[in-house]
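Chains, contacts and geometry: an overview
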Amino acid sequence: MWSKLLLTASLFTPSNSGRSTSHCPNVHVLAARETFAPAGLGNATKVVDMICNSHPGATFEAIDYPAMGHECNPYSVQKGAQAVADQVTRFVNDCPDTQIVLVGYSQGAHIIDDAMCGGGDPHMGIADPVAPVPRDVGAHVKAMIWMGSPRHTPGAPYNVGSSQSNGFDPRPKGQTCGPYNGIIQSYCDQNDPYCSNGHDEDLHFAYARIYGDDALEFVNSKVD
Ligand SMILES: *[C@@H]1O[C@H](CO)[C@@H](O)[C@H](O)[C@H]1NC(C)=O
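Rules and cut-offs
Residues numbered from 1 in each chain as written. Predicted model: local features only at pLDDT ≥ 70, side-chain atom pairs only at ≥ 80, totals over all residues. Heavy atoms only, no water. Salt bridge = Lys/Arg side-chain N within 4 Å of Asp/Glu carboxyl O. Helix = DSSP H or I, 4+ residues; strand = E, 2+ residues; numbered from the N terminus. Buried < 20%, exposed > 50% of the residue type's maximum accessible area, 1.4 Å probe, protein only. Pairing = 2+ DSSP bridges. Contact = heavy atoms within 4.5 Å. Axes fitted to C-alpha atoms, helices over the stretch in contact; angles between N-to-C directions.

- An unreviewed UniProt entry annotates the protein as Acetylxylan esterase originating from Aspergillus nanangensis.

Right under this line is the structure:
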C-alpha cells in the first residue's frame, strides 16, 4: 500500500525542473532588525523600502529571530544565524532565479555576517567555522547591506564610513567574508558605540538616513 502510494504520488509530482516559478519576484530582500526592536524590520525598514521602490515587484521578508541583547545576545545571535540560513535556503529552493539581497541592522548585520561568512563566532558561542549558509545557496545572494555591525573590523574590504576601531565582537584580523567580499557594504562611523568605540548612541540609528542613498546605489549596481 505504502509503495503504491509513493508510486502514485511520484507520477503526479512535477519534477524540480518542471516546477513553476511564476510567483517568484525578480528581487527578494531578507532583512534583519536591530537588538530590542519589535518583530519586523526595525531600522532596516528605510533601506528595504528604498530597494523595493526601486525594483517594481520586489518582495521582502523579516528574519524571524529574537533580537535580544545583554546576557541573551549569544543565544539570539545563534538563533539568528540559523534563521538566516533557514530562510535564505527555503527561498532559494522555491525561487532559484530570484536575485536575493540581505539587509542587516546592528545585530541583524551580525547574524547575516555569521550566517554567510562563517569562521565561527566564539564570543557568541558559535564554535563551528563552517558558514551556516552553504555556498551554492549563498551564490543566489547578490548584495548585502550591513549597518552598525558589531562584527565591524578595520581594514575589511567592504567597509564604508569613518570608523577605524573594532566593534564589540570584531572578526579576527584579516578574516573577512571570502567569496562575498565584493557584494557587501558595511557602514560604520567612528563615534558609534557598537560597531566602533564611540559614545554617540543616536549615530548608531542614523545609518539609513546618512548612507541610505549610497546603499541603494550599491544594491542597484549588483542586481538587475
Ligand atoms: C530605530 O531605532 C530607534 C532607537 O531604538 C527607534 O527609536 C526607532 O523607532 C527605530 N526606527 C524604526 C523605523 O524602527
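**Quick look at the pattern of salt bridges**
- Evaluated as defined, the whole model comprises five salt bridges.
- Of the charged contacts in the structure, one is a salt bridge between D114 and R151, with a shortest N-O distance of 2.9 Å. Of this pair, D114 sits in helix α4 (residues 107–117) while R151 sits in the loop between β4 (141–147) and β5 (159–160), and the two are 37 residues apart along the sequence. R151 carries the same exposure label as D114, and that label is buried.
- The closest approach of N and O atoms between D121 and R151, which form a salt bridge, is 3.7 Å. Pair noted here: D121 is in the loop between α4 and α5 (135–138) and R151 is in the loop between β4 and β5, with a separation of 30 residues, a long-range link.
- By relative accessible area, which is 4% here, R151 ends up buried.
- In the salt-bridge network here, residues are joined through shared partners; they are D113, D114, D121, R151, D169 and R171.

**Topic: the pairing of strand β3 (residues 99–105)**
- The buried fraction of β3 amounts to seven of the seven residues, a majority that puts the element mostly inside the structure.
- Judged from the six bridges that link them, strand β1 (residues 27–32) and β3 form a sheet pairing that is parallel. The residue bridging H28 from the neighbouring strand is I100, located in β3.
- For β3 and β4, the ladder comprises six bridges, and the chain directions are parallel. Bridging from a neighbouring strand, L102 pairs with M144 of β4.

**Regarding the sheet that holds β1**
- With respect to topology, six strands assemble into an open sheet ordered β2-β1-β3-β4-β6-β5, the strand pairing being parallel. Each end of this open sheet is capped by a strand with a single partner; those strands are β2 (59–62) and β5.
- Relative to β3, α4 is tilted by about 135°, and along the sheet it contacts β1, β3 and β4.

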